[in-house]
Amino acid sequence: MIGEKLKEIREQTGLNKKDFASHIGIKYTTYNNYETGDREPSSDFLIMISQKLQDAINAQIVAEMWSANLYLSMSYFFAAKGYEGFASWMKAQAHEESDHADVLAQYVMKRGGQAKVGAVDAVPQEWASPLDVFEHVYKHECHVSELIDKLVDVASAEKDKASQDFLWGFVREQVEEEATVQGILDKIKLGGDVALYHLDIQLGARK
Ligand code: MG
């Protein structure tokens with residue numbers, strides 16, 4: 001199975017076995033054994049991620065960068081309105097999103113793929129109120145959860161167990177994100193302006 005796949009990849013390069021072995025940095029006899037199936041290759045020199053999943057993860061990198069920009073924009077919006085705590089919380093949130101993008105990129109590269117950063121669309125800059133901002137965050141995080149679910153579906157369709165395992169971490173992360181924002185929203189809705197004052201202080205304590 002792996003041998004056949006290797007042969008297919010080698011034939012696409014147009015190289016003979018000897019040249020292909022030297023191209024990927026292993027001995028000819030070792031390579032030949034891999035291709036004939038007499039020996040199982042260790043996976044570290046193979047591209048272990050399909051193009052389809054690579055493209056899907058690269059698209060998610062753009063989505064994470066968009067999220068980062070959205071939260072940075074919200075941070076500046078809050079700062080302009082005098083909500084220093086919310087501004088600082090949103091900035092931390094933005095950094096977390098660009099970290100997500102990098103974690104995805106590092107994973108693609110670790111699996112022998114090529115990480116790419118595509119064009120990131122412009123983000124909103126104005127909201128009606130702090131409640132409006134957090135409602136937007138909640139809606140956006142639910143959307144991101146759907147995107148992550150679809151990524152898991154791609155990894156499943158590609159029968160890529162390692163990527164499924166990697167992506168579960170993001171599924172769990174989304175559960176936390178939704179719950180955190182839901183909690184903030186509940187407080188704002190319950191306590192109005194008083195809640196906003198206290199929440200601003202509380203969220204400002206986030207490191
Ligand atoms: Mg994220």
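Going by the structure above, here's the rest.
I will try to describe carefully the structure that is included in this document. Keep in mind it's a predicted model, so treat the numbers as computed, not measured.

**A word on the nonpolar core**
And then number 1: Core analysis: the biggest nonpolar cluster contains 22 residues, and Met74, Phe78, Met90, Val133 and Phe134 have the highest contact counts within it.
And then number 2: Every element with two or more residues in this core is listed here: helix H4 (51–81), helix H5 (84–110), helix H6 (130–157) and helix H7 (161–204).
And then number 3: Of all the elements, H7 adds the most residues to this core, at seven residues.
And then number 4: Non-local contacts of valine 133, meaning those with residues more than four positions away in its chain, are made with Met74, Phe77, Phe78, Met90 and Trp127.
And then number 5: Counting 19 residues, the second largest nonpolar core, distinct from the first, contains Ala56, Tyr107, Leu151 and Phe166.

**Some remarks on the environment of tyrosine 197**
And then number 1: Here tyrosine 197 shows up in helix H7.
And then number 2: Residue tyrosine 197 is classed as exposed on the basis of its relative accessible area, which comes to 54%.
And then number 3: Along the sequence, tyrosine 197 and tyrosine 83 sit 114 residues apart, while their C-alpha atoms lie 8.5 Å from each other.

**Comments concerning the coordination of the magnesium ion**
And then number 1: The protein atoms that coordinate the magnesium ion are Glu64 (OE), Glu97 (OE) and His100 (ND1), at distances spanning 2.1 to 2.3 Å.
And then number 2: One chain supplies every donor to the magnesium ion, and in sequence these donors are spaced E-x32-E-x2-H. Of this pair, glutamate 64 sits in helix H4 while histidine 100 sits in helix H5; the two residues are 36 residues apart in sequence, bridging distant segments of the chain.

**Comments concerning the pattern of salt bridges**
And then number 1: Applying the stated rule across the entire model yields four salt bridges.
And then number 2: Put simply, glutamate 135 and lysine 189 hold a salt bridge, and the shortest N to O gap is 3.9 Å. One end of the pair, glutamate 135, is in helix H6; the other, lysine 189, is in helix H7, with 54 residues separating them in the sequence.
And then number 3: Since its relative accessible area comes to 34%, glutamate 135 is described here as partly exposed.
And then number 4: Judged by relative accessible area, which is 52%, lysine 189 ranks as exposed.

**A short note on the packing of aromatic side chains**
And then number 1: For the coordinates displayed, the defined rule picks out 11 aromatic pairs.
And then number 2: An angle of 5 degrees between the planes, with centres 3.9 Å apart, marks the rings of tyrosine 107 and phenylalanine 166 as stacked. With tyrosine 107 in helix H5 and phenylalanine 166 in helix H7, this pair connects stretches of sequence that are 59 residues apart.
And then number 3: A cation sits over an aromatic face here: arginine 206 above tryptophan 89, 5.1 Å from the ring centre.

**Some remarks on the packing of helix H1 (residues 2–13) against helix H3 (residues 28–36)**
And then number 1: Axis separation between H1 and H3 bottoms out at 6 Å; the angle between their running directions is 115 degrees. Where H1 approaches H3, its residues Gly3, Leu6, Lys7 and Arg10 are matched on the opposing element by Tyr31, Tyr34 and Glu35.
And then number 2: Here the contact of H1 with H3 is composed, by residue class, of three nonpolar, one polar and three charged.

**A look at the packing of H6 against H7**
And then number 1: Taken N-terminus to C-terminus, the directions of H6 and H7 make an angle of 170 degrees; their axes are 9 Å apart at the nearest point. In terms of orientation, H6 lies roughly antiparallel with respect to H7.
And then number 2: Grouping the constituent residues of the contact of H6 with H7 by class yields 21 nonpolar, six polar and six charged.

About the thresholds
Residues numbered from 1 in each chain as written. Predicted model: local features only at pLDDT ≥ 70, side-chain atom pairs only at ≥ 80, totals over all residues. Heavy atoms only, no water. Core = buried A, V, L, I, M, F, W, Y, C linked by side-chain atoms within 4.5 Å. Buried < 20%, exposed > 50% of the residue type's maximum accessible area, 1.4 Å probe, protein only. Helix = DSSP H or I, 4+ residues; strand = E, 2+ residues; numbered from the N terminus. Contact = heavy atoms within 4.5 Å. Donors = N, O, S within 2.8 Å, 3.2 Å for Na, K, Ca; no water. Salt bridge = Lys/Arg side-chain N within 4 Å of Asp/Glu carboxyl O. Phe/Tyr/Trp six-rings, centres within 6.5 Å; stacked < 30°, edge-to-face > 60°. Lys NZ or Arg CZ within 6 Å of the ring centre and 35° of its normal. Axes fitted to C-alpha atoms, helices over the stretch in contact; angles between N-to-C directions. Nonpolar A, V, L, I, M, F, W, Y, C, P; charged D, E, K, R; others polar. Parallel < 35°, antiparallel > 145°, perpendicular 65-115°, else oblique.

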